[in-house]
Amino acid sequence: MIDSTVEMILDRALMGYDLSPEQGLVLLQQSDASSIAAIRATADKLRHRQAGDTVTYVINRNINFTNICEQHCSFCAFRRDAGDEGAYWLDWTAILEKTKDAVKRGATEICMQGGLNPAAQINGKSLSYYLKLVKTIKQEFPHLHLHAFSPQEVQFIARIDGLSYAEVIAALRDAGVDSMPGTAAEVLDDEVRRILCPEKINTATWLEIVSTAHKLGLHTTSTMLSGHIENPIQQIQHLEKLRSLQKTTINQEYPARITEFILLPFVGQEAPKPLRRRVGRDQPVLKDALLLTAVARIFLGNWIPNHQPSWVKLGLPGAIEALNWGCNDIGGTLMEEHITTMAGAIGGTCMEVETLQSAIASLGRPYQQRDTLYHKVSG
């Protein structure tokens, strides 16, 4: 028998109401199999209603242009100091070669993010370096969608050069950045952030930068790094902050908004030892990720209709299972991926389009190539 409180909450969700954080928390704390099955079924129904049955994917390439970083996040196995073994910093030729190869393979998007490298400057200016990164790609491939630079990178540039966030975002947009990854969010709770990523921007700054991007016409994504030291209350508060931000964006009629929500379960196999010991496992717990995926759909779906699992973190079988728990998108081909892979993820770094298509078809759902902003791409 499903718990009567859970049943009431799910009925409200199916009637189209937004859940309160307290109701979302009730759902996240369920351990009874019949209640969890009802949450999954509700998320799946809402996914059908809000996003349809077609599962979308994007052909993209990830370019992590450097792993040299001034910060020391407790979960990160990617970062290096300059001069360390394994440290790298791609030159313009390498970036252009990777882009050319991506276009040859049908990519419509380059996703570009990197470490916070204090030496990444031109004529003493950080922004000049980032603008050159953009122009290196856009001068040769003006129609390629550039999904680039997290809120953390925006803050880094602004701090180094003494600029406002709006000045940095507008300059990047004018140079050719088309949208911003909503990464560096981890968990939007400053207690968690003090342990997880003490040098990173705080919650209010992340929200401010994403909101500024929307005002200036740059769409963003949104993410949550889950399954480490955070608790269900902090998970729901994170979702509430994203929903509130999106509601403001829509109600204020900003020209851009959050396009998708991506759950990123923590992979700790190669993470620094103190956090590994604290978390106590190396790979995500699939059942926890699936429940959070379902609750995120129920909680956010009226405002953020596109939900995506991470095949890099969950493996393709886990990501395909997430399509039954509220997700409508399987993400990108990536072609290469270093940040999660260096943390010990099992999912791999590249996914062929045919592999994604056949995995989606195995569920009896149709598939469709999309661009970064969820417009159909005719194949």
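Being a predicted model, the structure only gives us computed values, none of them experimental. (Residues numbered from 1 in each chain as written. Predicted model: local features only at pLDDT ≥ 70, side-chain atom pairs only at ≥ 80, totals over all residues. Heavy atoms only, no water.)

**A closer look at the UniProt feature "binding site: S-adenosyl-L-methionine" (unreviewed entry) in the protein chain**
- When the UniProt feature table is mapped to this numbering, "binding site: S-adenosyl-L-methionine" (unreviewed entry) covers Phe75 and Glu186. These annotated residues cover 112 residues of sequence, but their C-alpha atoms sit close together, with the largest distance between any two at 10.1 Å.
- Topologically, Phe75 is positioned in the loop between β2 (60-64) and α4 (92-104).
- On the basis of relative accessibility, which here comes to 15%, the residue Phe75 falls in the buried class.
- Summarising the element assignment, Glu186 is placed in the loop between β5 (179-180) and α8 (190-196).
- Non-local contacts of Glu186, meaning those with residues more than four positions away in its chain, are made with Phe75, Arg193, Leu196, Cys197, Lys200, Thr223, Met224, Leu225 and His238. (UniProt positions renumbered as here; feature names shortened; annotations may be inferred. Helix = DSSP H or I, 4+ residues; strand = E, 2+ residues; numbered from the N terminus. Buried < 20%, exposed > 50% of the residue type's maximum accessible area, 1.4 Å probe, protein only. Contact = heavy atoms within 4.5 Å.)

**Topic: the side chain of Glu109**
- Following the sequence through the fold, Glu109 ends up in strand β3 (residues 109-113).
- Summary of buried charges: Glu109 has no salt-bridge partner, and the nearest side chain of opposite charge, Arg370, is 5.2 Å away.
- Side-chain polar atoms of Glu109 contact the side chain of Asn60, separated by 3.0 Å. (Lys, Arg positive; Asp, Glu negative; His and termini not counted. Salt bridge = Lys/Arg side-chain N within 4 Å of Asp/Glu carboxyl O. Polar contact = N/O pair within 3.5 Å; in protein donor to acceptor, adjacent residues only side chain to side chain.)

**As for the environment of Arg40**
- Position of Arg40 relative to the elements: it lies in helix α3 (residues 33-51).
- The exposure class of Arg40 is partly exposed, given its relative accessible area of 27%.
- Through-space distance from the C-alpha of Arg40 to that of Arg297 is 9.7 Å; in sequence the pair is 257 residues apart.
- Residues within four places of Arg40 in sequence aside, it is in contact with Ala294, Asn324 and Trp325.

**What about the pattern of salt bridges?**
- Following the criterion strictly, the structure yields 15 salt bridges and no others.
- Note that Arg47 and Asp44 form a salt bridge whose closest N and O atoms lie 2.8 Å from each other. Residue Arg47 and its partner Asp44 are both found in helix α3; the two are separated by three residues, about one turn of the helix. Note on accessibility: Arg47 and Asp44 belong to one class, buried.

**Some details on α3**
- With 19 residues, α3 ought to run about 27 Å at 1.5 Å a step, and its terminal C-alpha atoms sit 26 Å apart, in line with that.
- Among all positions in α3, only Ser35, Ala38, Ile39, Thr42, Ala43, Asp44, Leu46 and Arg47 are buried.
- In this structure, the buried side of α3 is in contact with α1 (4-14), α2 (21-28) and α12 (286-300).
- Immediately downstream of α3, the backbone of Gly52 shows phi near 85°, a positive value. (Expected span 1.5 Å × (residues − 1).)

**Some words on a negative patch on the surface**
- On the surface, a cluster of negative charge is contributed by Asp3, Glu7, Asp11 and Asp32.
- Positionally, Asp11 belongs in helix α1. (Patch = residues over 30% accessible without salt bridge, like charges linked within 9 Å, V, L, I, M, F, W, Y side chains within 5 Å. Areas by Shrake-Rupley, 256 points an atom, 1.4 Å probe, with all protein chains shown as cover. Charge placed at Lys NZ, Arg CZ, Asp CG, Glu CD.)

**Things to note about the UniProt feature "binding site: [4Fe-4S] cluster" (unreviewed entry) in the protein chain**
- Within the UniProt annotation, "binding site: [4Fe-4S] cluster" (unreviewed entry) is assigned to Cys69, Cys73 and Cys76.
- Mapped onto the elements, Cys73 comes out in the loop between β2 and α4.
- Classification of Cys73 as buried rests on a relative accessible area of 9%.
- Here Cys76 shows up in the loop between β2 and α4.
- Residue Cys76 is classed as buried on the basis of its relative accessible area of 18%.

**A look at unusual backbone geometry**
- For Glu186, which is not glycine, the phi dihedral falls at a positive 45°.
- Despite not being glycine, Tyr374 has its phi angle at roughly 70°, a positive value.
- Summarising the element assignment, Tyr374 is placed in the segment after β10 (367-369).

**Quick look at the packing of α2 against helix α10 (residues 232-251)**
- For the pair α2 and α10, interaxial distance at closest approach is 9 Å and the crossing angle is 135°. Between α2 and α10, the angle falls in the class oblique. Where α2 crosses over α10, the handedness of that crossing is right-handed. Facing α2, whose interface residues are Pro21, Gly24, Leu25 and Leu28, α10 presents Pro232, Ile233, Gln235, Ile236 and Glu240. (Axes fitted to C-alpha atoms, helices over the stretch in contact; angles between N-to-C directions. Parallel < 35°, antiparallel > 145°, perpendicular 65-115°, else oblique. Left-handed = near helix turned anticlockwise from the far one by under 90°.)

**Comments concerning the nonpolar core**
- Met112, Phe149, Leu172 and Trp206 are the most contacted members of the largest nonpolar core, which has 109 residues in total.
- If you tally residues by element for this core, the top one is α12, at 10 residues.
- Look past the residues within four positions of Phe149 in its chain and what remains in contact with it is Phe65, Met112, Gln113, Tyr130, Leu133, Val134, Leu172, Val177, Met180 and Pro181. (Core = buried A, V, L, I, M, F, W, Y, C linked by side-chain atoms within 4.5 Å.)

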